[in-house]
Amino acid sequence: MLRALARPLLASWFVYGGVQTALEPERQVDRAAPYVDPVLKEAGLDSVTTADVVKAHGIASVALASMLALSRSPRAAALGLAGLATATAVVAHPFWKEEDEAKREAELDLFLKNVSLVGGVLVAATAGHSERHKARKAKHKEKAKARALAEKEKALEAKAAKAKAKKRT
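Positions within a chain are numbered from 1, following the residues in the order the chain's sequence is written. Reporting of local features is limited, given that this is a predicted model, to residues whose pLDDT is at least 70; pairs of side-chain atoms are given and counted only at 80 or more, and all residues count toward the totals for whole chains, interfaces and linings. Neither water nor hydrogens contribute to the side-chain values; these are computed over all heavy atoms in the structure.

(A) Structural detail: the layout of surface pockets. Computed over the protein atoms alone on a 1 Å grid, cavities are sets of points where a 1.4 Å probe fits but cannot get out and pockets are open sets with protein on both sides within 12 Å along at least five of seven lines; a residue lines them when it has an atom within 4 Å of a point. Grid points are joined across faces, edges and corners, and a volume is the space filled by probe spheres set on the points. For the largest pocket, the calculated volume is near 750 Å³. Secondary structure elements are defined from DSSP: runs of H or I of at least 4 residues count as helices, runs of E of at least 2 residues count as strands, and each element is numbered from the N terminus. When residues of the lining of the largest pocket are assigned to their parent elements, the largest contribution, seven residues, is made by helix H1 (residues 2–23). Polar here means any residue outside two lists: the nonpolar Ala, Val, Leu, Ile, Met, Phe, Trp, Tyr, Cys and Pro, and the charged Asp, Glu, Lys and Arg; Gly therefore counts as polar. Looking at the lining of the largest pocket, its residues break down into 13 nonpolar, eleven polar and four charged.

(B) Region of the structure containing a negative patch on the surface. Distance thresholds for patches are 9 Å for like charges and 5 Å for nonpolar side chains (Val, Leu, Ile, Met, Phe, Trp, Tyr), applied to residues having over 30% relative accessible area and no salt bridge. The method behind every accessible area is Shrake-Rupley, applied with a 1.4 Å probe, and residues are considered shielded solely by the protein chains displayed. Any Lys or Arg side-chain nitrogen located within 4 Å of an Asp or Glu carboxyl oxygen qualifies as a salt bridge. Residues scored as charged are limited to Lys and Arg (positive) and Asp and Glu (negative), so that His and the chain ends carry no count. Lysine's charge is taken at NZ, arginine's at CZ, aspartate's at CG and glutamate's at CD. Taken together, the side chains of Asp100, Glu101, Glu105 and Asp109 present a region of like negative charge at the surface. When you line up the elements, Asp109 lands in helix H5 (residues 101–126). Throughout this description, buried means an accessible area under 20% of the type-specific maximum (1.4 Å probe, protein chains only), exposed means over 50%, and partly exposed covers the range between. Taking the relative accessible area as the measure of exposure, Asp109 reaches 54% and is therefore exposed.

(C) Focus on the pattern of salt bridges. Considering all chains together, one arrives at two salt bridges under this definition. Note that Glu24 is salt-bridged to Arg27, the shortest N-O span being 3.5 Å. Between Glu107 and Arg31 there is a salt bridge, and its shortest N-O distance comes to 3.1 Å. Taken together, the residues span a long stretch of sequence, with Glu107 in helix H5 and Arg31 in helix H2 (residues 26–42) at a distance of 76 residues.

Right under this line is the structure:
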């Protein structure tokens, strides 16, 4: 029950931030450009802009957070969000570069918030499946075994019929 509530709550921040980033990438472009531009140049992606990368990051955050909230491949979604949040923490909040003490404290606060979110999604990635999921998996496994057994019996019957037909001739 708690997992059904916890995953959407955790995902809500990623959905909100991802939508904001996708709709208004220019707010993050200035911070991301020093990191993204050299990578794009080296990769030979001159037609791709930093704004495109920032938008893609936002869209990926929304998609992965939605998967996490809906418990669709929650482990993969959580690991993807951990990677995106780590990149955001490092690129958007480099507190170690700030000279002004007040700005450094503000950036450190935001950096630690992102690191905390990384920890949260890593916990979500390691959380087990719900009882409903386990029951569905067990039912699916039973059906697969029953189908395999039926196919095996059918193959034995066909083999016996073939042998019987061969004796007649």
